[in-house]
There are 2 protein chains.
Amino acid sequence: MLTRSEEDHLKAVHALLEGGASAANKDVAERMGTKASSVTMMLKKLADKGLLKLEPYHGVKLTAKGRAEALKLVRKHRLWETFLVERLGFGWDEVHEVAEQLEHVRSEKLTDHLAEYLGDPAFDPHGDPIPDRHGRITARNMRPLPAVGTGERVRVAAVKDGSDALLQLLGRKGIGIGKVFTVRDRQDFDQSLELVAADGIHLTLSAKAAAHLWVEPASPRERRAP
Amino acid sequence: MLTRSEEDHLKAVHALLEGGASAANKDVAERMGTKASSVTMMLKKLADKGLLKLEPYHGVKLTAKGRAEALKLVRKHRLWETFLVERLGFGWDEVHEVAEQLEHVRSEKLTDHLAEYLGDPAFDPHGDPIPDRHGRITARNMRPLPAVGTGERVRVAAVKDGSDALLQLLGRKGIGIGKVFTVRDRQDFDQSLELVAADGIHLTLSAKAAAHLWVEPASPRERRAP
DNA sequence: CTTTTATTTTAGCCTCATCTAATTTTTATT
DNA sequence: AATAAAAATTAGATGAGGCTAAAATAAAAG
Ligand SMILES: [Mn+2]
Ligand SMILES: [Mn+2]
Ligand SMILES: [Mn+2]
Ligand SMILES: [Mn+2]
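Draft legend 1. Expanded view of the domain arrangement of chain A. Taken domain by domain, chain A comprises domain 1 (4–62) and domain 2 (143–223). Domain 1 of chain A and domain 2 of chain A are separated by 33 Å when their C-alpha centres are compared.

Shown next as structure tokens:
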């Protein structure tokens, strides 16, 4: 049985590896808000428990068991976020911290009943995929917004690594999951983007904010929410 | 800020004192599943934090602060139990352990939104009162079933200290909160009770089981659920 | 009013999860 | 390739929260 701290470390490693990066000790420490030496200790424990392979000084790789365990945590975290937003009326910028606690509640029955209660959602309020009971994830065809060419029509599919501040900013601009718009222009000076929403409203987004917006192709005039 | 263990100890003390008993060290230890020496240490910590007054060798008394804190925990525990039964379809004998974990999630907003979502219930699935945001509890006129005279018509208001096994037994006999019946007879030999339900069905209840059933007067033919 | 038993407290030990400081190893820069 | 900088590991400390065993105290029995 994993402790809460072990669970959070495993999740941090998973999130880093999933994001393409190599889960360097210092990155895990930064995510966890602890020191590198503490991370070394925890990673050893996780390796002992067969959840990851540890090559001292050269980083970690998740085992199949570790990946499965991490996906269970991700599932719980995102189900709770969905519950908080869709049932309790939380804003999408208010749920992370609470879900960070709720995800550690141990009860298979609770997780499965919660999923069913919510209609087995495939995406959380930030557009992140919710693994099913077996760890399977719905595949999508997404790119970060800065990779989109001018003139293209896209739909917001997810906000990746969105801080609460970013989520609030997007909220104030009326940008949410499922929002459809066309990339009108890109400023040479600062790479900021000019967007035109489906309702004709124009808005500007900094390159920094745009980097967190992942979008999927929207065939002209189509509409669908994940 | 209280740790999880401190919270559980405080709750144990509160439950014992509320039940009329004096929260003896060994009783707390038994509730917590730990040893008396561990309890001594935790009670010292709680006393240091101003939650209770500790008279060495002579037991504890809750301070106003301690009582308020305990009631917040009770509120959370019972709200979660209600959620699990009413929304997720758990049985009333399956919720305690999970609520024992959920009660420690720290978020005022979560607690209040959950209460509102559930319709600010005054009683949990076992008939125990749910304190409101200010710790106030709905008063009731209850007696344990063994104190009821033959011929009296009563409504089940709560199951006190019900183990999962007892709750299952009651469930199988069709006894739940709000159930109305008449005490038909009491056996001299073992104090077991003969009951007649509103629908005319007869059933027998051991003195041991009956001791956990708390009932309120039911005027003939009335019906109401807490 | 003693003596025995039950309860509580104290003392000393352990594991977990963190820290700081020192050391080792890897990576980057001259 | 040598040196400097960055990152990771090890070593040793701390505090929380538990344990067992011993000592102190209170309660019950005689
Ligand atoms: Mn967490
Ligand atoms: Mn999310
Ligand atoms: Mn608890
Ligand atoms: Mn209850």
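Further notes follow.
Draft legend 2. Region of interest: the packing of aromatic side chains. In total, this model carries six aromatic pairs over all chains according to the counting rule given. Taken together, a centroid distance of 6.2 Å and an interplanar angle of 80° make the contact between Phe83 of chain A and Tyr117 of chain B edge-to-face. With Phe83 of chain A in helix α4 (residues 64–86) and Tyr117 of chain B in helix α6 (residues 108–117), the pair connects residues from two separate chains. A connected cluster of aromatic rings, assembled from ring pairs, spans Trp80, Phe83 and Tyr117 of chain A together with Trp80, Phe83 and Tyr117 of chain B. Looking at Arg87 of chain B, its charged tip hangs above the ring of Tyr117 of chain B, at a distance of 4.5 Å from the centre.

Draft legend 3. The relation of the copies chain A and chain B, seen in detail. After a rotation of 180° and a shift along the axis of 0.0 Å, chain A superposes on chain B with an RMSD of 0.1 Å. Taken together, the rotation and translation relating the two chain copies correspond to the operation of a two-fold axis. When each C-alpha of chain A is compared by its distance to the rotation axis, Leu102 of chain A comes out closest, at 3.6 Å. The overlap is high: 100% of the interface residues of chain A also sit at the interface in chain B, so the same surface is used on both sides.

Draft legend 4. Representation of unusual backbone geometry within the structure. Residue and element names in this part refer to chain A. One non-glycine residue, Asp120, lies in the positive phi region at around 45°. Along the chain, Asp120 falls in the loop between α6 (108–117) and β3 (143–144). Relative accessible area serves as the criterion here: at 54%, Asp120 is assigned to the exposed category. Backbone geometry places Gln191, a non-glycine residue, at a positive phi of 60°. Here Gln191 falls in the partly exposed class, since its relative accessible area comes to 39%.

Draft legend 5. Spotlight on the coordination of the manganese ion (ligand 4). Residue and element names in this part refer to chain B. Looking at the metal site, the manganese ion (ligand 4) is ligated by Glu81 (OE), Asp124 (OD) and His126 (ND1), spaced 2.1 to 2.3 Å from it. The sequence pattern formed by the donor residues of the manganese ion (ligand 4) is E-x42-D-x1-H. Of the two residues examined, Asp124 and His126, each falls in the buried class.

Draft legend 6. View of the packing of helix α4 (residues 64–86) of chain B against α6 of chain B. All names here are of chain B. Across the interface, α4 lies against α6 with an axial gap of 10 Å and an inter-helix angle of 45°. Classed by the angle they form, the pair α4 and α6 counts as oblique. Between α4 and α6 lies a crossing of left-handed hand. Where α4 approaches α6, its residues Lys72, Arg75, Lys76, Leu79, Trp80 and Phe83 are matched on the opposing element by Glu108, Leu110, Thr111, Asp112, Leu114, Ala115 and Tyr117. Partitioned by chemical class, the residues of the contact of α4 with α6 number seven nonpolar, one polar and five charged.

Draft legend 7. Quick look at helix α3 (residues 36–48) of chain B. Residue and element names in this part refer to chain B. With 13 residues, α3 should cover 18 Å at 1.5 Å per step; its first-to-last C-alpha distance of 18 Å lies within 8% of that length. Within the span of α3, buried status applies to Val39, Met42, Leu43 and Leu46. In a view along the axis of α3, the buried residues occupy a sector of 105°, so they form one face of it. Turned more than 90 degrees away from the buried face of α3 sit Ser37, Met41 and Asp48, all of them exposed. The elements touched by buried residues of α3 are α1 (4–18), α2 (25–32), β1 (52–54) and β2 (60–62). Looking one or two residues past α3, Gly50 carries a phi angle of roughly 80°, positive in sign.

Reading the values: the criteria
- Residues numbered from 1 in each chain as written.
- Chains lettered and ligands numbered in written order.
- Predicted model: local features only at pLDDT ≥ 70, side-chain atom pairs only at ≥ 80, totals over all residues.
- Heavy atoms only, no water.
- Domains from an automatic or database assignment.
- Phe/Tyr/Trp six-rings, centres within 6.5 Å; stacked < 30°, edge-to-face > 60°.
- Helix = DSSP H or I, 4+ residues; strand = E, 2+ residues; numbered from the N terminus.
- Lys NZ or Arg CZ within 6 Å of the ring centre and 35° of its normal.
- Least-squares fit on C-alpha atoms with pLDDT ≥ 70 in both.
- Contact = heavy atoms within 4.5 Å.
- Buried < 20%, exposed > 50% of the residue type's maximum accessible area, 1.4 Å probe, protein only.
- Donors = N, O, S within 2.8 Å, 3.2 Å for Na, K, Ca; no water.
- Axes fitted to C-alpha atoms, helices over the stretch in contact; angles between N-to-C directions.
- Parallel < 35°, antiparallel > 145°, perpendicular 65-115°, else oblique.
- Left-handed = near helix turned anticlockwise from the far one by under 90°.
- Nonpolar A, V, L, I, M, F, W, Y, C, P; charged D, E, K, R; others polar.
- Expected span 1.5 Å × (residues − 1).
- Arc of directions from axis to C-beta.

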